[in-house]
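Below are the chains, spelled out letter by letter.
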Amino acid sequence: MAVTTPSPSSARPPLPGTTRRSQRKMRTPSPSLWRTKEFMVYYVAYITIVPFMMYTMYQASSPSRKEYGKYEHYLTDGWMLGRKVDMSDGQWRTFRSHLPAFALAMFGYVATNWVFRLTVLRGFFSGFLRSPASTRGALPTLWVAFAYASIFVAVLSGTSIVFVLVITGANYFIAKRFGGRRWAPLVIWAYNMGMLFSNECYKGYDFGRIHESLAWLDGHRGILRRWDITFNITMLRMVSFAMDFHWRVRQEQMASRQKIDAMAVDPKTDKDRIEHSCFREDYCFVNYWAYILYPPLYMTGPIITFNNFISQMRYPSPSIRRRTTILYGIRLVLAGLFMELILHTVYCVAISKWAHWDSFSAFEISLMGYMRLTFIWLKLFVIWRFARFWAMADGLDTVENMRRCMSNNYSLQQFWRDWHCSYNRWLVRYVYIPLGGRRTSVWNTFVIFTFVALWHDLTMRLLQWAWLIALLFLPEGLATWYFGKPRWSRKPYFRFLCSMGGALNIIAMMIANLVGFGDAGVEKMLEKIFSRHGAFFLPATYLVLNIHLQVMFELREHEYRREYEASKQRLAASGSEWEMAVSSGASSQDTVGKSSQAGGGGSGAALASAGGAKAVDAADQSNSSGSSPSANADSLTKRGGSGRRHDHSD
């Protein structure tokens, strides 16, 4: 459905929650397929195959199997179903064992912050809340965060806080000293990448290497001795502060300070919070230190830009409500319990570490590989939501990572947007757009994934994973260009063509991620799956994935139908003169791929993406990531601060 307007419609502002572009391009949803005979067959397949998969995985992890005794040493005593629990993943073991301490520390921070605001700092806060823009520099909302963060990191890292202070302090000095100069980004990136490599090479440094008389300090390294592992997240915040300040100074070279400051007052959208620079005085050390070491997000993220962080500390986000935060916490607890159930019933991590696959069938091996990836997804899901919950409790809204289940993704582009969404948006703002955006998208894709691999770990295995993922983007992009034409998308068999490509895409993504993040036995696992033992298994898997994709396509369209109806209700409630008109050129088969534009879904795969997936910077990023500094400066000088031009605009 297209939305058309009377003649002077260009002067009419878009409705709340919509844009002129979304109103113009809304299409008629396709008829529902949920009750068709075709989908009845799919339901039968689901209720037959999914329980069988669960039973097979449970039996493969049974103590009665002869292999059990060979990997049992990876397991520990459990508390569910009379079974042991798989705690062989180091990251999850650390998080789970320290969970009570982390929860107590986060509760202590949130409670202390609110108590101080209501008592000791009440006088400061009353004036600040009446006129937030009148306070420049160190914000009262960050005074407690500044002090608590210092104590929190000192407990976590012990004497290593000296290294944290030196590295972050040097970044602050570089940003303030060189910000605004043309070559400042090179210095900022060179320093931060240098620190990333140095931290990895020296394993967080030792005082004894600096001088023998300081060796005793190495015995007091805090709870997390390897502070440098979590410091990778801190490095992203360091770059964010330095680049945001650099762009602020560059804007002052092209427009008056009053115009820039006016854009920082009372932002209306999350996009405004990210793109509009803060007041010049806000880029001070107190705000910087509180942002870098903000307790709820310090170790894991989600990642938030400095501009957005300061903006929310001055103008709290209206999306944070008590009821929403409580429900979010309940869902977090349920996700944690589900993780415990999986680790008590399917020992996928322990079996993968043991890495002897000779006695397992191709079907069992593939299920263990699938569950290994599912474990990684759910592990990060719980950890990131734990951090985000405490940030919400403190009044800070961050981007949601893992917006979709791993099993509910079929487009490579959409998968990486959803997996670590806040990191993806950080990459778009600070790497992709400054390097040219879509104009150099092929080159940028390889640069970005190379950086992602190096940021995770300095290993050739991760570099191979990164380049393999980047290569997989090419066929998906080509298929988007070729099969996105109307002569294909209007064919009645188009959605089946999409699912065929999507199934291949899912298999390719699983292999690539097992290579990058699997254990030592991945090669043997893949060798057996693709041997003659998998001659029947692979075609059957491909057929099942096609069925699963048809259901996912319809699920995306169902999401779009709800959005479409909500848009119609907003139009009716506003009494708008905008007229809804059905576009005669759109057929029901047009909607399989195009649902990615309106319903939030991806394109399907190398073929499924043909239905309307954009380049990596166009879909999610057009709503909430940042534009380039030149775009911000141009908007100030050419439009007086009222409009924005984006590298990724259509």
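Residues numbered from 1 in each chain as written. Predicted model: local features only at pLDDT ≥ 70, side-chain atom pairs only at ≥ 80, totals over all residues. Heavy atoms only, no water.

J.: Quick question: what am I supposed to make of the overall build of the protein here?
T.: Helices and strands together make up the secondary structure of the protein, namely 29 helices and 4 strands. Sequence-distant contacts, at least 24 apart, represent 77% of the contacts inside the protein between residues at least 6 apart. Put simply, the protein shows about 28,900 Å² of open surface, and 65% of that area lies on carbon and sulfur atoms. (Helix = DSSP H or I, 4+ residues; strand = E, 2+ residues; numbered from the N terminus. Contact = heavy atoms within 4.5 Å. Areas by Shrake-Rupley, 256 points an atom, 1.4 Å probe, with all protein chains shown as cover.)

J.: Looking at this structure, I do not really get the packing of helix 20 (residues 421–432) against helix 21 (residues 441–456). What am I missing?
T.: Packed helix pairs are specified by the crossing angle of their axes together with the interaxial distance, meaning the distance between the axes. Interaxial distance between helix 20 and helix 21 falls to 11 Å at its minimum, and their mutual angle equals 120 degrees. For the element pair helix 20 / helix 21, the angle class is oblique. Crossing angle aside, the handedness with which helix 20 passes helix 21 is right-handed. Of helix 21, the residues touching helix 20 (which contributes Tyr423, Trp426, Leu427, Val431 and Tyr432) are Ser441, Asn444, Ile448, Phe451, Val452 and Trp455. Along the lines of polarity and charge, the residues of the contact of helix 20 with helix 21 split into 9 nonpolar, 2 polar and no charged. (Axes fitted to C-alpha atoms, helices over the stretch in contact; angles between N-to-C directions. Parallel < 35°, antiparallel > 145°, perpendicular 65-115°, else oblique. Left-handed = near helix turned anticlockwise from the far one by under 90°. Nonpolar A, V, L, I, M, F, W, Y, C, P; charged D, E, K, R; others polar.)

J.: Please clarify how the side chain of Arg429 should be interpreted in this entry.
T.: Structurally, the position occupied by Arg429 is in helix 20. A distance of 3.3 Å separates the side chain of Arg429 from the side chain of Tyr430, its partner in a polar contact. (Polar contact = N/O pair within 3.5 Å; in protein donor to acceptor, adjacent residues only side chain to side chain.)

J.: What should I look at first to understand the pattern of salt bridges in this one?
T.: A side chain of one charge can pair with a side chain of the opposite charge if their charged atoms are brought near each other. Using the criterion set out here, one finds 26 salt bridges in the structure. Of the charged contacts in the structure, one is a salt bridge between Glu281 and Arg257, with a shortest N-O distance of 2.9 Å. Placement of the pair is Glu281 in the loop between helix 13 (270–275) and helix 14 (285–292) and Arg257 in helix 12 (residues 257–263), with a sequence separation of 24 residues. Relative accessible area serves as the criterion here: at 33%, Glu281 is assigned to the partly exposed category. (Salt bridge = Lys/Arg side-chain N within 4 Å of Asp/Glu carboxyl O. Buried < 20%, exposed > 50% of the residue type's maximum accessible area, 1.4 Å probe, protein only.)

J.: Just checking my understanding: could you explain a nonpolar patch on the surface for this structure?
T.: A cluster of nonpolar side chains, namely Trp79, Ile326, Leu327, Ile330, Val333, Leu334 and Leu337, defines an oily patch on the protein surface of about 690 Å² accessible area. The leading source of residues in the nonpolar patch is helix 16 (residues 322–345), at 6 residues. In this fold, Leu327 is placed in helix 16. (Patch = residues over 30% accessible without salt bridge, like charges linked within 9 Å, V, L, I, M, F, W, Y side chains within 5 Å.)

J.: Sorry if this is basic, but what is going on with the confidence of the model for the protein here?
T.: Note that predicted coordinates carrying low pLDDT should not be read in detail. For the protein, the average pLDDT comes to 81, and 83% of its residues sit at 70 or higher. Long-range and interchain partners of residues 1–24, a stretch whose pLDDT sits below 50, account for 51 contacts in this model, where long-range means more than four residues apart. (pLDDT = per-residue confidence, 0-100.)

J.: What is the right way to read the pairing of strand 3 (residues 83–86) from this model?
T.: Each regular strand carries side chains that alternate between the two faces of the sheet. One ladder, built from 3 bridges, connects strand 2 (residues 75–80) with strand 3; its direction is antiparallel. Residue pairing across strands places Leu75 opposite Asp86, the latter belonging to strand 3. Hairpin geometry of strand 2 and strand 3 is characterised by an intervening segment of 2 residues between the two adjacent antiparallel strands and by a positive phi of about 60 degrees at Leu81. (Pairing = 2+ DSSP bridges.)

J.: Hey, could you run me through unusual backbone geometry in this one?
T.: What is expected of a backbone is that most residues other than glycine have negative phi and most peptide bonds are trans. Note the cis peptide between Gly301 and Pro302, where omega equals 10 degrees. Its place among the elements puts Pro302 in the loop between helix 14 and helix 15 (306–314). For Asp266, which is not glycine, the phi torsion reads 50 degrees and is therefore positive. Structurally, the position occupied by Asp266 is in the loop between helix 12 and helix 13.

J.: Please explain the nonpolar core as it appears in this structure.
T.: When a protein is soluble and globular, its nonpolar side chains tend to lie buried together. With 154 residues, the main nonpolar core has Trp189, Trp426 and Phe451 as its most contacted residues. Looking at this core, the element that brings in the most residues is helix 18 (residues 362–393), giving 21 residues. Residues within four places of Trp426 in sequence aside, it is in contact with Trp189, Leu236, Val239, Ser240, Ile303, Val431 and Phe451. The next biggest cluster of nonpolar side chains, apart from the first, holds 5 residues, and it includes Phe39, Tyr42, Ala45 and Val551. (Core = buried A, V, L, I, M, F, W, Y, C linked by side-chain atoms within 4.5 Å.)

J.: Got a minute to help me understand helix 11 (residues 227–252) in this structure?
T.: Note that an α-helix has 3.6 residues per turn; residues three or four places apart therefore point the same way. Its 26 residues place the ends of helix 11 37 Å apart at the C-alpha level, agreeing with the 38 Å of an ideal helix rising 1.5 Å per residue. At Ile233, helix 11 shows its maximal kink, close to 40 degrees. By the criterion of burial, helix 11 is predominantly enclosed, with 24 of the 26 residues buried. (Expected span 1.5 Å × (residues − 1). Bend = angle between axes of the 7 residues up to and from the residue.)

J.: Please explain the packing of aromatic side chains as it appears in this structure.
T.: Aromatic ring pairs: the centre-centre distance and the angle between the two ring planes describe each pair. In this structure the tally under the stated criterion is 56 aromatic pairs. A ring pair is formed by Tyr202 and Tyr205, whose centres lie 5.9 Å apart and whose planes are at 20 degrees; its orientation type is stacked. On the accessibility criterion, Tyr202 (44% relative accessible area) is partly exposed. Since its relative accessible area comes to 17%, Tyr205 is described here as buried. Where Phe241 meets Phe306, the ring centres are 4.9 Å apart and the plane angle is 85 degrees; that geometry is what we call edge-to-face. Taken as a pair, Phe241 in helix 11 and Phe306 in helix 15 lie far apart in primary sequence, 65 residues in all. Phe306 carries the same exposure label as Phe241, and that label is buried. Lying across the ring of Trp114, Arg117 places its NZ or CZ 5.0 Å from the centre. For Arg136, the ring lying beneath its charged end belongs to Phe279, and the centroid distance is 3.6 Å. (Phe/Tyr/Trp six-rings, centres within 6.5 Å; stacked < 30°, edge-to-face > 60°. Lys NZ or Arg CZ within 6 Å of the ring centre and 35° of its normal.)

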